[in-house]
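Results of the structural survey
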Amino acid sequence: MAGGPVDTDEQRSLGDIVGDIATDLTTLIKQELELAKTEAKDAAVKAGKGAGMFGGAGVAALLMLISLTLTLIWLLDGWMPREVAALIVTVVWAVIAGVLALRGRTEIKQMNPPLETTQKTLKEDVQWAKAQKNS
């Protein structure tokens, strides 16, 4: 190679070798971080597309429920006044909403675990720290 003498393994000092290893390690870590960023970005794009699809499905489901509501009112209109039919369908939806809200509330309450083990170990850590302070 042009530009100067080529170092052989026998001519390199320990400092040069350690410096090269540190440089290579830094380069490797930077490359791994860039790869992780790229993979995370790709995963986020896919998750965003999936969330958009779920949003579209929610809108379609809402429109379907509106159509179902109107259909039920129209069917009941054959046996009773339209206002009574609309009131009955509204009450049915109110009951469904209430049941779902209560079930959701129950699930949320169950979701927050007391973290008993964590609380116990934190108390032990505090006691240990106090013992170290008093020693």
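Residues numbered from 1 in each chain as written. Predicted model: local features only at pLDDT ≥ 70, side-chain atom pairs only at ≥ 80, totals over all residues. Heavy atoms only, no water.

For the rest of this paragraph, the subject is the overall build of the chain. What the chain contains, in helices and strands, is three helices and zero strands. Ordered by position from N to C terminus, the α and β elements of the chain give α-α-α. Going through the 135 residues of the chain one by one, you find that 3% of them count as buried. Of the accessible surface of the chain, which amounts to about 12000 Å², a share of 67% is contributed by carbon and sulfur atoms. (Helix = DSSP H or I, 4+ residues; strand = E, 2+ residues; numbered from the N terminus. Buried < 20%, exposed > 50% of the residue type's maximum accessible area, 1.4 Å probe, protein only. Areas by Shrake-Rupley, 256 points an atom, 1.4 Å probe, with all protein chains shown as cover.)

What follows is about a nonpolar patch on the surface. A surface patch of nonpolar side chains, amounting to about 780 Å² of accessible area, comprises Met64, Leu65, Leu68, Leu72, Trp74, Leu75 and Trp79. Here Trp74 shows up in helix α1 (residues 14-76). On the basis of relative accessibility, which here comes to 65%, the residue Trp74 falls in the exposed class. (Patch = residues over 30% accessible without salt bridge, like charges linked within 9 Å, V, L, I, M, F, W, Y side chains within 5 Å. Salt bridge = Lys/Arg side-chain N within 4 Å of Asp/Glu carboxyl O.)

Let us look at the pattern of salt bridges. Taken as a whole and judged by the stated rule, the model has two salt bridges. Notably, a salt bridge pairs Glu34 with Lys37, separated by 3.6 Å at the nearest N-O pair. Separated by three residues within a single helix, Glu34 and Lys37 lie in helix α1, roughly one turn from each other. We classify Lys37 as exposed; its relative accessible area is 54%. One salt bridge connects Asp77 with Arg82, and the closest N-O pair in it is separated by 3.8 Å.

This part takes up the packing of α1 against helix α2 (residues 82-111). At their nearest, the axes of α1 and α2 sit 8 Å apart, and the two run at 140 degrees to each other. Taken together, the axes of α1 and α2 lie oblique to each other. Crossing hand, α1 versus α2: right-handed. Here Leu65, Leu68, Thr69, Leu72, Ile73 and Leu76 of α1 lie close against α2, whose contacting residues are Arg82, Ala85, Ala86, Ile88, Val89 and Trp93. In terms of residue class, the contact of α1 with α2 is made up of ten nonpolar, one polar and one charged. (Axes fitted to C-alpha atoms, helices over the stretch in contact; angles between N-to-C directions. Parallel < 35°, antiparallel > 145°, perpendicular 65-115°, else oblique. Left-handed = near helix turned anticlockwise from the far one by under 90°. Contact = heavy atoms within 4.5 Å. Nonpolar A, V, L, I, M, F, W, Y, C, P; charged D, E, K, R; others polar.)

With that out of the way, let us pick up the confidence of the model for the chain. Per-residue pLDDT for the chain has a mean of 82; in total, 87% of the residues score no lower than 70. Confidence scores differ between elements of the chain, with helix α3 (residues 116-134) showing the lowest mean pLDDT of 73 and α2 the highest of 90. (pLDDT = per-residue confidence, 0-100.)

A word on the side chain of Thr69. Among the secondary structure elements, Thr69 is positioned in helix α1. Other than its neighbours up to four places away in sequence, Thr69 contacts Val89 and Trp93.

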